[in-house]
Amino acid sequence: MRNTSSVLSGSETVDAVATPTRILLTAGLVATALVAVPEGTVGPDVFKSAIGGVLILSALAVWLWGQQGRRKILWHPFLCVPASLALYAAISATWSSTGAAFIEAGRWSLIAVILFLAINTARQKYFQTITYTVHWACVMLSVIALAQFWFGLDWFPASAAPGSTFGNRNFFAELLAASLPLSLWLLIRSKNFASSVRNGLGFSLIVVALMSTGTRAALIAAIAGFTATILLIFCTKHRNLFIPRPRVFFATLIIVLITTLGLGSIPSTNDYILRDHTEMQTGRTAIERTAKRLHSLVRSDTYEDNSSFGIRRAAWSAARQMIQAYPIRGIGAGGWNYLSPLYMPSDLDTQAIWMAHNEPMQLVVEYGLVGWAALLLLIGLVGGATARNIIQLRGASQHRALHSVQLIVIVISMMSMGITSLSGLPLHAAATCYLLAVYMSLIIILSAKKQYQETNNPFFATLWPSRLLGVFILLTGVAIAIQAIRFDYFVRQGAGTLISLSNLPTPQNNTKFTEIRDKAFFNIERGLEIYPEHALVLMPAIGSMIKLKEYYHAAFYLEKVLAETPYLVELQCQKSQAYANLKRFEEAEKTISEIQALRPGAHCLTITKFIFAYNKNDFFQVVNLGKSQFDRLRLGVRKDETRYLVDYTYRAAIRIADWDTALNALKIRATLWPELRTSSWLLVARLQAELAQNRFSPEALEAYKKALSSSTNLERQQILRDMPSSYRDAL
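A quick note: this is a predicted structure, and the numbers were derived from the prediction, not measured.

## Regarding the overall build of the protein
Part 1: For the protein, the helix and strand inventory stands at 31 helices and three strands.
Part 2: Counting only C-alpha atoms and orienting by the principal axes, one finds that the protein spans roughly 105 × 60 × 50 Å.
Part 3: For the protein, the proportion of its 731 residues judged to be buried stands at 53%.
Part 4: A total of about 32800 Å² of accessible surface is found on the protein, and carbon and sulfur atoms cover 61% of it.
Part 5: Counting 68 positive and 47 negative side-chain charges, the protein places the centres of these two groups 12 Å from one another.

So this is what it looks like as structure tokens:
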């Protein structure tokens, strides 16, 4: 082993290939943060991952191209961590979900490439490049997010606004929280008033954008990172590493305070934010939103079983059980969605849980002892480098002290990311995953004890094979990226169209509707031809297929989806429902038996049995099932299922002359759906009048009055015209 500190010092003479390699690595970081496809025609993270991956492989190809004359290459023992995880992920495809395992292998391979290239091409000054890059990328992202928050900008659709280019506010907030210490570093290093204004405005935009998301874990991480960075400044102020002039310091402070308070007080006009505020009082301004979200941490309802925290708690409990069940080899890379439903509470909607929302725990669940080793080695790398730099900071030169403080700032940033990883998914988002790799690279580069392994360059004497290898790797990566984008585009287009069609207010049955529907299924098929093992992305569209009565397609795609997550009972329920509607009762009944054995308390089991019984014309069973649910009916998130249950209980009750149940169903219908109140009470009135057998019924009269009270003028005229004269005269 040879001490190669001089190789990466600021005074090194860099070979010609280092600069373009670093530029491409930095461009990849920018791309994973900023790029996205307007209108959401391709998933944000798919597009970011594809572009970022291509740029990483471009950097590798450039580095391989320039290996002539370079006898030695550098590597660090920590490189074995992502490389081992990548290898283990590929091996685990033999017992885990194949497609997900190879995606994991690709992710860890790219992280290893970033580390390797940074070690071989970056200098200690690379910290400054990364700081500027990350800061201004976050500023641009924050401008987009604030435009979404204030004005409802919809260029980049988000499932939870404001998501900037990420499509989800949590992913966006996690990036900002992990980057905030770098922005603060840049701010306190401002040398003059102009840079103070520029950096202060940028810092304020980032802070306000983060506040506007209301993401609690990210806010806590940002507060922790900010506090730790301020403490670092205070402890090292005697080294004169920060703002040298008081006037610049106070100008910076005033700019940040005024800008943050001013921008943070601007109310939102975004429909999603306003609806969120109306329903849950989450606040209309960024400041109010932050205050209310942080205050919710001390409310008891935040920790109820059906809350977002309660769902995460269920996932963590499942993770602990899986660690106990698979302590050695884990469940396999990418296997969470495959196996986790088996360990969830029997009455929990497991479709709501996507990943563990705790990255360290999920790593151990999927990788077993290899995951434990990776975590311990990462802690060792970060902790060892931090301890050495803190110890050596007192007696170090000004130049060395600066690098030591820079390393600690990186550690603080990783700490912030670590906090978000305890309840979020930073390792499963392209931008934060890339940023983590860059942070690990900087810790190695800035460490006071840079002991690298130096080995012979296998490409030194074989110039053209190394270049061909680089080109081959790059072209392979480009092909995979293009196919991934095409797959996501086709499937997203098809699924999105089906969801839109299912949400039309009235059923359509015309040529144009048929053409659009058929084109949607055609696009889905084109996508699945590319990556047939990734049918899991169709989950949101399965319910729409059933709603559109496309039962054959629903059953067909459910078989594909369930091959990737066979224990997800919500999908099994949909499968049974599709088969029941296709009159394939044997398969439907078999699936119901499997659900009962797997999770007898599943929410979807009753409605599945109900649909099965109705399609078999077992109307007595339908009525019994419907009556058993009447007392607990709520609209909630299953309003379509509730409507189906009420309507078809009424129809079945009419068929078997169970008039009390039929009347009860109509009254529930009138209560739960205001838009159906008039028709429901009118049906009650007519049924009561018919049951009276030509006698006057006070109950029928009361129902007519309720129907009239909720009717429009046109409906009122029609009701009065059709009403028996005895009741009309009694009004």
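Having put the structure on the table, let's press on.
## Things to note about helix 15 (residues 369–393)
Part 1: The terminal C-alpha atoms of helix 15, which comprises 25 residues, lie 36 Å apart, in line with the 36 Å expected from a rise of 1.5 Å per residue.
Part 2: Of the positions making up helix 15, those classed as buried are G371, A374, L381, V382, A385, T386, N389 and L393.
Part 3: Looking at the packing, one finds that the buried side of helix 15 touches helix 3 (80–92), helix 14 (359–367), helix 16 (398–421) and helix 17 (430–446).

## So, the confidence of the model for the protein
Part 1: The predicted model of the protein has a mean per-residue pLDDT of 89, with 92% of residues at 70 or higher.
Part 2: Here residues 1–14 is modelled with pLDDT under 50, and outside its nearest four sequence neighbours on either side it reaches 31 contacts, counting other chains as well.

## Digging into the pattern of salt bridges
Part 1: Applying the stated criterion across every chain yields a total of 11 salt bridges.
Part 2: When the shortest N-O distance is used, the salt bridge between K575 and E559 registers 3.6 Å. With K575 in helix 22 (residues 569–581) and E559 in helix 21 (residues 551–564), the pair connects residues that are 16 residues apart, well separated along the chain.
Part 3: Take E559: its relative accessible area is 36%, and that puts it in the partly exposed class.
Part 4: For R669, the salt bridge goes to D647, with nearest N and O atoms at 3.1 Å. Of this pair, R669 sits in helix 27 (residues 659–672) while D647 sits in helix 26 (residues 639–655); the two residues are 22 residues apart in sequence, bridging distant segments of the chain.
Part 5: Here R669 falls in the buried class, since its relative accessible area comes to 13%.
Part 6: Ionic contacts of the salt-bridge type, sharing partners, join the residues R517, D518 and E550 into one network.

## Things to note about the side chain of N358
Part 1: Assignment of secondary structure puts N358 in the loop between helix 13 (336–339) and helix 14.
Part 2: Given the relative accessible area of 10%, N358 is considered buried.

## Structural notes on the packing of aromatic side chains
Part 1: Applying the stated rule across the entire model yields 21 aromatic pairs.
Part 2: Relative to Y567, the ring of Y338 lies with its centre 6.0 Å away and its plane at 85°, an arrangement referred to as edge-to-face. Placement of Y338 in helix 13 and of Y567 in the loop between helix 21 and helix 22 is noted, with a sequence separation of 229 residues between them.
Part 3: A residue is classified by how much of its surface remains accessible, and Y567, at 27% relative accessible area, is partly exposed.
Part 4: Consider the rings of F556 and Y557, whose centres lie 5.2 Å apart with planes at 75°: the pair is edge-to-face.

## Some remarks on the state of the cysteines
Part 1: For the structure on display, the rule yields one disulfide.
Part 2: Here C573 pairs with C604 through a disulfide, and the sulfurs are 2.0 Å apart. One quick way to see it: the torsion about the S-S bond of C573 and C604 is about 65°, and its sign makes the bridge right-handed. Of this pair, C573 sits in helix 22 while C604 is found in the loop between helix 23 (585–598) and helix 24 (605–615), placing the two residues 31 residues apart along the sequence.
Part 3: In this structure C604 comes out as buried when scored by relative accessible area, which is 8%.
Part 4: Its sulfur unpaired, C80 is 19 Å from the next cysteine sulfur, which belongs to C433.

## A word on the packing of helix 3 against helix 15
In helix packing, the relevant descriptors are the interaxial angle and the interaxial distance, both defined with respect to the helix axes.
Part 1: Two numbers describe how helix 3 lies on helix 15: the axes approach to 10 Å, and their chain directions differ by 165°. Viewed along their axes, helix 3 and helix 15 adopt a mutual orientation that is roughly antiparallel. Where helix 3 crosses over helix 15, the handedness of that crossing is left-handed. Here V81, L85 and Y88 of helix 3 lie close against helix 15, whose contacting residues are V370, A374 and L377.

## Details of the packing of helix 29 (residues 698–709) against helix 30 (residues 713–722)
Part 1: Running from N to C, helix 29 and helix 30 cross one another at 155°; their axes reach a closest spacing of 9 Å. When the interaxial angle is binned, helix 29 and helix 30 end up roughly antiparallel. On helix 30, the residues that touch Y704, A707 and L708 of helix 29 are R716, I719 and L720.
Part 2: Here the residues of the contact of helix 29 with helix 30 are counted per class, giving five nonpolar, no polar and one charged.

## Quick word on the environment of W150
Part 1: Counting through the fold element by element, W150 comes out in helix 5 (residues 126–151).
Part 2: Note on W150: relative accessible area 11%, which makes it buried.
Part 3: Distance from W150 to S726, taken between C-alpha atoms, is 59 Å for residues 576 residues apart in sequence.
Part 4: Polar side-chain contacts of W150 include one of 3.4 Å to the backbone oxygen of I266.

## Comments concerning unusual backbone geometry
Part 1: The amide bond that connects A161 to the next residue, P162, takes the cis arrangement and shows omega of -5°.
Part 2: As for its placement among the helices and strands, P162 is situated in the loop between helix 5 and helix 6 (169–188).
Part 3: One non-glycine residue with positive phi stands out, namely E39, at about 70°.
Part 4: As for its placement among the helices and strands, E39 is situated in the loop between helix 1 (18–34) and helix 2 (44–65).
Part 5: You can call E39 exposed: its relative accessible area is 55%.

## Description of the environment of R284
Part 1: With respect to the helices and strands, R284 occurs in the loop between helix 10 (271–280) and helix 11 (286–295).
Part 2: Residue R284 is classed as partly exposed on the basis of its relative accessible area, which comes to 35%.
Part 3: When the C-alpha atoms of R284 and S268 are compared, they prove to be 5.4 Å apart, with 16 residues separating the residues in sequence.
Part 4: Non-local contacts of R284, meaning those with residues more than four positions away in its chain, are made with F149, I266, P267, S268, L274 and H277.

## Digging into the side chain of T213
Part 1: Summarising the element assignment, T213 is placed in helix 7 (residues 193–213).
Part 2: With residues near it in sequence (within four places) discarded, T213 still touches P162, R169, F172, A173 and R289.

Cut-offs used in this document
- Residues numbered from 1 in each chain as written.
- Predicted model: local features only at pLDDT ≥ 70, side-chain atom pairs only at ≥ 80, totals over all residues.
- Heavy atoms only, no water.
- Helix = DSSP H or I, 4+ residues; strand = E, 2+ residues; numbered from the N terminus.
- Buried < 20%, exposed > 50% of the residue type's maximum accessible area, 1.4 Å probe, protein only.
- Areas by Shrake-Rupley, 256 points an atom, 1.4 Å probe, with all protein chains shown as cover.
- Lys, Arg positive; Asp, Glu negative; His and termini not counted.
- Charge placed at Lys NZ, Arg CZ, Asp CG, Glu CD.
- Expected span 1.5 Å × (residues − 1).
- Contact = heavy atoms within 4.5 Å.
- pLDDT = per-residue confidence, 0-100.
- Salt bridge = Lys/Arg side-chain N within 4 Å of Asp/Glu carboxyl O.
- Phe/Tyr/Trp six-rings, centres within 6.5 Å; stacked < 30°, edge-to-face > 60°.
- Disulfide = S-S within 2.5 Å.
- Axes fitted to C-alpha atoms, helices over the stretch in contact; angles between N-to-C directions.
- Parallel < 35°, antiparallel > 145°, perpendicular 65-115°, else oblique.
- Left-handed = near helix turned anticlockwise from the far one by under 90°.
- Nonpolar A, V, L, I, M, F, W, Y, C, P; charged D, E, K, R; others polar.
- Polar contact = N/O pair within 3.5 Å; in protein donor to acceptor, adjacent residues only side chain to side chain.

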